[in-house]
Amino acid sequence: MVGARTQGCPLGGRPTRSPRSVDLRGSSQRVDSRAGKTYRCRAPNGWCGVDACHERASCRRPADTDDDRQEASMSWLVTGGAGYIGSHIVQAFQQAGINPVVIDDLSSGHEDFVPGGVPFVRGSILDTGLVQRTLEEHHCEGVVHVAGFKYAGVSVTRPLHTYDQNATGTVSVLRAMRSAGVYRYVFSSSASVYGTPDVDEVTEQSALHPESPYGETKLIGEWLNHDMEPVDDQWQGVNLRYFNVVGSGSDQLYDTSPHNLFPIVFDLLLSGGTPKINGDDYPTPDGTCVRDYVHVADLARSHVAAAEQMMAGKKLEKAYNLGSGTGSSVREIMDAIARVTGIAFTPEIAPRRPGDPARIVARGDKAARDIDWKMRHSLDQMVESAWNARRAHPQGA
């Protein structure tokens, strides 16, 4: 139990039926699902200001004016909105004039990634009641579902955890949406649903053969999205697939994953280590694997564009690839990092990793047509934005 209380709200707040606590940072709500019952405070500034009232962390003001309701009616819930990708989607919603609401358990996200003024609910998407109440209290128009366990390699050794977080978690979100009467849904999927394709350029029609529990749960998430359509004719759902997400849209938002290429290389260089390339004898121009790398801000923009198209009543395809169509080789990535950082290094050449195909990229033609997909950043710009954000946080998250 967090934040034990010694008395009730002195200004007449009353316990709500939900076991949540709320902390206000600026004008934003902070909800902690680990805490006890909360109070709806009648104080004009949203909280009573008395420490004993749940340590100043239990009062909130309901949206009880017409302006409040109008503002809330343009909200979208971003699950995992305190993470690297989710926080950029939150930022993109703000730039589009749409109010984001964030739910995140902070298992890999960071509360500091959530902008001041954005309602933040700390809790798990597995808590269906919490998700439903969040949707209802903020009058959400739709959901961008990003939350999940995203480490494909690790998922092989933690399959049950991966299925719990990604498959069961998605069911929980969809169940909460249906109960709350919310029918617009953008699912942040993954190009891992393709597995190791037998073509070097995938389209939305390419065969789906995921090869890890992570990829399998993403495909299940897409099936669930599709299966919601016969349930209610109001349902609008889309799946967005992508490969490697890099860069930063702000020095305050950066990739902290210990499994992603850019953070790994940056940390090695900063510690005096030498990055490695796994294999340089592939049938590609420079002998190293070619992959899609997309800037996180470009990716976020298309998530929001999909939401905007739904609100405008436009019918979207069931799935879109957010890809470059060309890709970059691992050596090109290393050269760009050396060029941008000013740290000269020669990568070590390690043996090939089993199962690594020579080239996989995705075409993004349909997404460019329908949801404003565009590669707005060059490779050097991707590296530069990521490097600047990493240097702004020398101690890490």
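Being a predicted model, the structure only gives us computed values, none of them experimental. (Residues numbered from 1 in each chain as written. Predicted model: local features only at pLDDT ≥ 70, side-chain atom pairs only at ≥ 80, totals over all residues. Heavy atoms only, no water.)

Undergrad: Teacher, can you tell me more about the side chain of Thr162 here?
TA: For Thr162, the location among the structural elements is in helix 5 (residues 159–180). Classification of Thr162 by relative accessible area gives buried; the value is 0%. Beyond its immediate stretch of four places on either side in the chain, Thr162 contacts Phe149, Ser155, Ala167, Pro213, Tyr214 and Thr217. (Helix = DSSP H or I, 4+ residues; strand = E, 2+ residues; numbered from the N terminus. Buried < 20%, exposed > 50% of the residue type's maximum accessible area, 1.4 Å probe, protein only. Contact = heavy atoms within 4.5 Å.)

Undergrad: Honestly, the sheet that holds strand 11 (residues 201–202) in this entry has me stumped. Any pointers?
TA: Whenever strands of a sheet pair, they do so through backbone hydrogen bonds, lying parallel or antiparallel. In spatial order, the strands read 11-20-15-18; together these 4 strands make up an open sheet with mixed pairing. With partners counted over all chains shown, the strands left at the sheet margins are strand 11 and strand 18 (328–329), one partner each. (Pairing = 2+ DSSP bridges.)

Undergrad: Whenever I open this one, the pattern of salt bridges confuses me. Can you help?
TA: Pairing is possible between side chains that carry opposite charge, provided their charged atoms lie close to one another. A complete count under the given rule lists 13 salt bridges for this structure. For Glu308, the salt bridge goes to Arg301, with nearest N and O atoms at 3.0 Å. The exposure class assigned to Arg301 is partly exposed, which follows from its relative accessible area of 25%. Arg376 serves as the salt-bridge partner of Asp372, at 3.1 Å between the closest nitrogen and oxygen. Residue classification places Arg376 among the partly exposed positions, given a relative accessible area of 35%. A network of salt bridges, in which partner residues are shared, links Arg301, Glu308, Asp372 and Arg376. (Salt bridge = Lys/Arg side-chain N within 4 Å of Asp/Glu carboxyl O.)

Undergrad: Is there a simple way to explain helix 5 in this structure?
TA: Within an α-helix, residues lying three or four positions from one another point in the same direction, as the helix has 3.6 residues per turn. End to end, helix 5 covers 30 Å across 22 residues, agreeing with the expected 32 Å (1.5 Å per residue, within 8%). Considering bend angle alone, the principal kink of helix 5 is centred on Gly169 and spans about 30 degrees. Restricting attention to buried positions, one finds in helix 5 the residues Thr162, Gln165, Asn166, Ala167, Gly169, Thr170, Ser172, Val173, Leu174, Ala176 and Met177. Residue Gly181 follows helix 5 closely and has a positive phi angle near 70 degrees. (Expected span 1.5 Å × (residues − 1). Bend = angle between axes of the 7 residues up to and from the residue.)

Undergrad: Can you walk me through the pairing of strand 10 (residues 184–188) in this structure?
TA: Working note: regular strand, side chains alternate between the two faces of the sheet. Across the 5 residues that make up strand 10, a large majority, 5, are buried. Alternating positions in strand 10 separate into two faces, Arg184, Val186 and Ser188 on one and Tyr185 and Phe187 on the other, with burial throughout. In the sheet, strand 9 (residues 140–145) pairs with strand 10 via 4 bridges, with the strands oriented parallel. The residue bridging Gly142 from the neighbouring strand is Arg184, located in strand 10. Both strand 10 and strand 12 (residues 236–241) contribute to a ladder of 5 bridges, which runs parallel.

Undergrad: Looking at this structure, I do not really get the packing of helix 5 against helix 6 (residues 213–227). What am I missing?
TA: When two helices pack together, you describe them by how their axes are tilted relative to each other and by the distance separating the axes. For the pair helix 5 and helix 6, the least separation of the axes is 9 Å and the interaxial angle reads 15 degrees. Between helix 5 and helix 6, the angle is such that the two are roughly parallel. Classified by chirality, the crossing of helix 6 by helix 5 is right-handed. When helix 5 is examined against helix 6, the residues Pro159, Thr162, Tyr163, Asn166, Ala167, Thr170, Val171 and Leu174 are found in contact with a partner set consisting of Pro213, Tyr214, Glu216, Thr217, Ile220, Gly221 and Leu224. (Axes fitted to C-alpha atoms, helices over the stretch in contact; angles between N-to-C directions. Parallel < 35°, antiparallel > 145°, perpendicular 65-115°, else oblique. Left-handed = near helix turned anticlockwise from the far one by under 90°.)

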